Amino acid sequence: MFLRVKGKYWIRYLRHKHLEVPVKEDVEGVKVFDEIIELGEVIEGPRRLKRNITIDIVEKVYMENHGDLAFNIEGNQINPETLSSMALEDAPSTFVDENQDRIQIAKITPELAIEKLRIQIARRPTDVQRILEEVFEVPLIQIILSPFFVAVLNYNEIRKKVFCDAITGKVKT
């Protein structure tokens, strides 16, 4: 049994920012919205000072993260691409419950897999002033069953179980 979860996190928020705007030397004042900022006279000399004005603005920001996690029967994280290459067939959602005696259940639950995905992709930025929208969405939860055969080998009174993966052909003892 393999477990795969895909998710998406996005946030739309406001943040304060200080914007430095360079001003030419022949400018005496700047109008920002309804406020007039007087710059004064230009200081003459061998090195002219750069003139900047600082404008405090509120910026609307959109950030989006995507994630794709897969886990094997032991609950260890594996590369989701290995599952993508498998030929998948749909089964009824009750299939796992109806065949519990013949299916080896994974050590990780779908809820725990979703929580691991949330921790990985749902990171709120540190510069958030006000949240306009924040969504964590899980559009895909897959339980992928991979058949295997069990063979019992008897040799000189030694009995050994051997597991053979029906898809890859790998043998485990």
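Structure: above.
Residues numbered from 1 in each chain as written. Predicted model: local features only at pLDDT ≥ 70, side-chain atom pairs only at ≥ 80, totals over all residues. Heavy atoms only, no water.

1. What to know about unusual backbone geometry
The general pattern is negative phi for most residues beyond glycine and trans for most peptide bonds. Heads up, the rule is: When a residue's accessible area, from a 1.4 Å probe over protein chains only, is under 20% of the maximum for its type it is buried; when over 50% it is exposed; and in between it is partly exposed.
Although it is not a glycine, Asn156 sits at a positive phi angle of roughly 50°. Classification of Asn156 by relative accessible area gives exposed; the value is 61%.

2. Quick word on the pairing of strand β8 (residues 158–165)
What counts, and what does not: One requirement defines pairing of two strands: DSSP has to find at least two bridges between them. A run of H or I in DSSP counts as a helix once it spans at least four residues, and a run of E counts as a strand once it spans at least two, with each numbered from the N terminus.
Sheet topology note: the strand β7 (residues 148–155)/β8 ladder contains eight bridges and is antiparallel. Each residue of the ladder has a partner; that of Leu153, found in β8, is Lys160. If you look at the hairpin formed by β7 and β8, you'll find two residues sitting between the two strands, and Asn156 has a positive phi there, around 50°.

3. Some thoughts on the sheet that holds strand β9 (residues 171–172)
Spatial strand order, β7-β8-β9: three strands in an open sheet with antiparallel pairing. Strand pairing shows two members of the sheet lacking a second neighbour, β7 and β9, which therefore form its edges.

4. Here's the deal with the sheet that holds strand β5 (residues 77–78)
Selection criterion: We call two residues in contact whenever any of their non-hydrogen atoms come within 4.5 Å of each other. The convention used is that axes are lines fitted to C-alpha atoms, helices contributing only their stretch in contact, and that angles between N-to-C directions extend from 0 to 180 degrees.
In space, the four strands of this open sheet follow the order β5-β4-β1-β6, with antiparallel pairing throughout. Each of the sheet's edge strands pairs with one partner strand only, and the pair in question is β5 and β6 (130–144). Where helix α3 (residues 110–121) meets the sheet, it contacts β1 (2–22), β4 (52–71) and β6, and its direction lies at approximately 150° from that of β4.

5. A look at the pattern of salt bridges
Note the cut-off: Here a salt bridge means any side-chain nitrogen of Lys or Arg lying within 4 Å of a carboxyl oxygen belonging to Asp or Glu.
A complete count under the given rule lists seven salt bridges for this structure. A salt bridge links Arg15 to Asp127, with the nearest nitrogen and oxygen atoms 2.7 Å apart. With Arg15 in strand β1 and Asp127 in the loop between α3 and β6, this residue pair connects regions lying 112 residues apart in the sequence. Residue classification places Arg15 among the partly exposed residues on the basis of a relative accessible area of 22%. The salt bridge partner of Glu134 is Arg124, with a shortest N-O separation of 2.5 Å. Here Arg124 lies in the loop between α3 and β6 and Glu134 lies in strand β6, a separation of ten residues in the sequence.

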